[in-house]
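Next come the chains, spelled out residue by residue.
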Amino acid sequence: MTPCAVTTGFFTLGKCGQMAIAGCPSCGRALCADHVTEGGLCPECAAARNQVGHPAAAAAHRRRAYRHRSATEYSDYGWYTSFDAYDRAAFDPDAAGNQDFRDDGDDALVDS
Amino acid sequence: MADGHRAAYVAFDRFPSTKGSAVHIRHMAAELFDRYGGGLLCVLGGGGLPSYQREGDVEIVRFDAVVPNWLDRAEAFSAWVADRLAAHRDTLEVCHVRDPWGALPALSLGRRLVYEANGLPSIELPYTWPLAAPSTLAKIADLERECLLKADAVVVPSQVIARTVTARGVAAERVHLVPNGADPVPADVPRPPDAPGRYLIYVGALQPWQGIDVLLRAFARLADLSDLSLVICSSVAPSRSRALRRLAERLGLTGRVHWQHTLPHAEVAAWLAHAELSVAPLTASPRNLDQGCSPIKVWESMAAGTAVVASDLPVIREVLGEHGRLVPPDRPAELARAVRVLLEYPDLCADLGRQAREHVENGYTWTHARTRLAAVYHGLDLR
Ligand SMILES: [Zn+2]
Ligand SMILES: [Zn+2]
């Protein structure tokens, strides 16, 4: 039996492991009946193509597709306009205090 | 196609992770999603976490764009959250956030906002980003204040931070105390197979304000207790314990200090339960004094029935009360003495542990915390 390779769980994550009935045509991972989406993709690939979720999400996704995804896009919102280059420089990766104490490092996936 | 969600929980934190914040998010988000028939969880990804999950009525989306500059990353996260929330514009009623980066997009959507202030970036950030100028921190404090003032409810884990938040202008009737909690550890939880004979334990992250250097210096003063080890259960990766390992080496503690990194939460309980004492050596830094926190490690030690020795800070008094031993912060000699005395009186130790456990069982389990949070949501629904 090929086990389903989709990651599941809320706080403790693990592989689904149910019997796979298909493979995701995009990323190739094995999928059980519960995890194969309508279009045949795995949930992550489907979400990336916006084939799951609310219809409005799909519309927003299409609108975004016409725009150039870059840092400038984020400034559309204006919340962060008060921060200038001087403010931002203090948050460059090499400006962190002791790297040993960085709070956003690469902690391992909490797998069961 | 899924229907729109009525609730969203937004956190600029990786979830899940082995940190205390993840335990907190787990329970608070569960309450929100139970109340509103599911919901959308927007968190940080990376580290191999899936960018998208659907678990029953809950959808989990993770921000995993690589943006090197931290402030740029916070900004990109806000914009990403705005897009995620916009998709649920027709149905969304409540947004529960933990920081300004999640609050800003929630506010522009104009839904009811619950702001959970566990810490304030304007206080916390200088510890990680020492080059941040006072003028920059003042701008961050402005953003923070704007979000707090506009929130329908501000949830805080301690009286200390409640005072800080009200001092910034938030009306006291909108501030709700929801202390952290812990779930009692079964009395018969098996001893971890690789646990040393008798050991003290520290559980948590390794930032300077945690005071682990003080603990190491105190432990060096207990060298005559040759059968005693110190276990450090770090919630962060080994790469971030380098400076402390070097200190342990310099203090001649190699071999007596056992390092455990990023243990799954469920395993930490067993380590806590079988320790002689649990130590929370928090420093008297502005971070701990003004901002406060509700240290999950202390709650979890209490729930494991293990006596706690902790720094005498207002926030610790709030949690531990009389059910543990308080010592002056930043004083290795005093900490060592307190540990020594408690080890000499195992009955006293056992009593403290038992009282602490009862205190948690009687009012501070996660079930209690969730009930308090449910009352906050209930109040919002009535408005
Ligand atoms: Zn796929
Ligand atoms: Zn599956």
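Here the structure is a predicted model, which means the values were calculated and not measured.

All right, on to the coordination of the zinc ion (ligand 2) then. Residues and elements named next belong to chain A. Around the zinc ion (ligand 2), the donor atoms from the protein are Cys4 (SG), Cys16 (SG), Cys32 (SG) and His35 (ND1), and they sit 2.1 to 2.3 Å away. For the zinc ion (ligand 2), the four donor atoms are set out with angles of 105 to 114 degrees between them, so the coordination reads as tetrahedral. Exposure remark for Cys32: the relative accessible area of 1% places this residue in the buried category.

We now examine the state of the cysteines. Inspection of the entire model under this criterion finds zero disulfides over all chains. For the unlinked cysteine Cys233(B), the closest cysteine sulfur is that of Cys349(B), found at 18 Å.

Residues and elements named next belong to chain A. Taken together, Cys24 (SG), Cys27 (SG), Cys42 (SG) and Cys45 (SG) make up the protein donors of the zinc ion (ligand 1), found 2.3 Å from the metal. Taken together, the four donor atoms coordinating the zinc ion (ligand 1) and their angles of 101 to 115 degrees define a geometry best described as tetrahedral. Sequence spacing of the donors to the zinc ion (ligand 1): C-x2-C-x14-C-x2-C. Note that Cys27 is positioned in the loop between strand S3 (22-23) and strand S4 (30-31) and Cys45 in helix H1 (residues 43-48), a separation of 18 residues in sequence.

In this section: the UniProt feature "domain: Glycosyltransferase subfamily 4-like N-terminal" (unreviewed entry) in chain B. Here, UniProt's "domain: Glycosyltransferase subfamily 4-like N-terminal" (unreviewed entry) annotation points to residues 20-184 of chain B. Note that residues 20-184 of chain B is 47% helix and 19% strand, and that its end C-alpha atoms are spaced 16 Å apart.

Residues Pro121(B), Ser122(B), Ile123(B), Leu125(B) and Thr128(B) constitute the buried set of helix H4 (residues 121-128) of chain B. Residues of H4(B) that are buried sit in contact with helix H2 (70-86), helix H3 (100-109), helix H5 (134-150), helix H6 (159-167) and helix H10 (286-291) of chain B.

To continue, consider the side chain of Gln260(B). Residue and element names in this part refer to chain B. Mapped onto the secondary structure, Gln260 falls in strand S11 (residues 257-261). According to the relative accessible area criterion, Gln260 is buried, its value standing at 15%. Excluding anything up to four places from it in sequence, Gln260 contacts Asp194, Val231, Ile232, Cys233, Ser234 and Trp271.

Residues and elements named next belong to chain B. Among the secondary structure elements, Ala141 is positioned in helix H5. Owing to a relative accessible area of 14%, Ala141 belongs among the buried residues under this scheme. It is 36 Å that separates the C-alpha atoms of Ala141 and His323, two residues lying 182 residues apart in sequence. Residues in contact with Ala141, not counting those within four places in the same chain, are Ser122 and Arg168.

About the thresholds
Residues numbered from 1 in each chain as written. Chains lettered and ligands numbered in written order. Predicted model: local features only at pLDDT ≥ 70, side-chain atom pairs only at ≥ 80, totals over all residues. Heavy atoms only, no water. Donors = N, O, S within 2.8 Å, 3.2 Å for Na, K, Ca; no water. Tetrahedral: all angles 85-135°; square planar, octahedral: opposite > 155°, others 65-115°. Buried < 20%, exposed > 50% of the residue type's maximum accessible area, 1.4 Å probe, protein only. Disulfide = S-S within 2.5 Å. Helix = DSSP H or I, 4+ residues; strand = E, 2+ residues; numbered from the N terminus. UniProt positions renumbered as here; feature names shortened; annotations may be inferred. Contact = heavy atoms within 4.5 Å.

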